[in-house]
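This is what each chain is made of:
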Amino acid sequence: MPTYKLIYFNVTGLGEPIRLLLHQSGIKFEDKRMAFEEWPDVKPKMPMGQVPVLEIDGKPHHQSKAICRLIARKNNLYGANEEESYQIDATIETIDDLRQAISQYYWEEDPAFKARLKETALKKLPVYVDKFEEQVKKNGGFFVGGKLTWADLMYTGYTETLSAMTESELNKDHPELQKLVAKVRALPNIKAYLDKRPKTLF
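On a predicted model such as this, the values are computed, not experimentally measured, just so you know.

A. Examining the domain arrangement of the protein more closely. When the domains of the protein are assigned, the result is domain 1 (4-75 + 189-195) and domain 2 (82-187). Placing a centre on the C-alpha atoms of domain 1 and another on those of domain 2 gives a separation of 20 Å. Between domain 1 and domain 2, the contact holds 16 residues from the first and 18 residues from the second. Summed over both sides, the interface between domain 1 and domain 2 buries roughly 1,400 Å², with carbon and sulfur atoms accounting for 66% of that surface. The three residues of domain 1 that bury the most area against domain 2 are Pro17, Lys65 and Arg69, which together make up 32% of that side's buried surface. Inspection of the region where domain 1 meets domain 2 yields 4 salt bridges. A salt bridge links Asp96 to Lys65, with the shortest nitrogen-to-oxygen separation between them at 3.2 Å.

Next comes the structure, spelled out in structure tokens:
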């Protein structure tokens, strides 16, 4: 039986969708949560000097979305056919477009540039979330195909991070998205993880 080890920081961020996928798939794994002080020593050992990295039998796998796709394909969370897989991919990329816009301004250090990036990102935010709300409503409470896919797990995994970064509730006034996130968090394997999850920065 393969051994799994996820290497990331003690935050939700890019690692949380992977954690949710692993738990929902019933895959036991070592959840290595680094302190930020450890990163300078760990970084040179990572394939591209980045995390998250998922080691499977000691072999490192990098790029968070590629890791998610690998797990999703193995565990029936990537659609029933090519068209569903495409719809899931398109949804994932759109969710990630929003995440990147928000992350870019959040981590920017130059105050003037940060303000411009933030203004642009916060204009995008309601447009994206409105579209997500409409998509979930049309698809029976999920993003694609009326059933659980890794798009639902990714969105749920990002909800806390993006809410913290924007200092707002991401799904406020969007009942379908609120129900989706609640539904995912109530899945037995996910709930068991969240009940014992270490306290994170965000």
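Back to the write-up after that little detour.
B. Spotlight on the pairing of strand β4 (residues 59-62). Strand direction decides the pairing type here: strand β3 (residues 53-56) and β4, joined by 4 bridges, are antiparallel. Directly across from Glu55, in β4, lies its bridge partner Pro60. Connecting the antiparallel pair β3 and β4 is a turn made up of 2 residues, with Asp57 showing a positive phi of about 50°.

C. Region of the structure containing the pattern of salt bridges. In total, this model carries 16 salt bridges according to the counting rule given. Between Asp31 and Arg33 there is a salt bridge, with the nearest N and O atoms lying 3.0 Å from each other. Arg33 sits in the buried class, given a relative accessible area of 15%. Where Asp96 meets Arg99, a salt bridge forms, and the shortest distance between an N and an O atom there is 2.6 Å. Residue Asp96 and its partner Arg99 are both found in helix α4 (residues 82-107); the two are separated by 3 residues, about one turn of the helix. The class of Arg99 is buried, set by a relative accessible area of 15%. Through salt bridges with shared partners, a single network forms among Glu16, Arg19, Asp31, Arg33, Glu160 and Arg197.

Scoring rules and cut-offs
- Residues numbered from 1 in each chain as written.
- Predicted model: local features only at pLDDT ≥ 70, side-chain atom pairs only at ≥ 80, totals over all residues.
- Heavy atoms only, no water.
- Domains from an automatic or database assignment.
- Contact = heavy atoms within 4.5 Å.
- Buried area = accessible area lost by both parts, 1.4 Å probe.
- Salt bridge = Lys/Arg side-chain N within 4 Å of Asp/Glu carboxyl O.
- Pairing = 2+ DSSP bridges.
- Helix = DSSP H or I, 4+ residues; strand = E, 2+ residues; numbered from the N terminus.
- Buried < 20%, exposed > 50% of the residue type's maximum accessible area, 1.4 Å probe, protein only.

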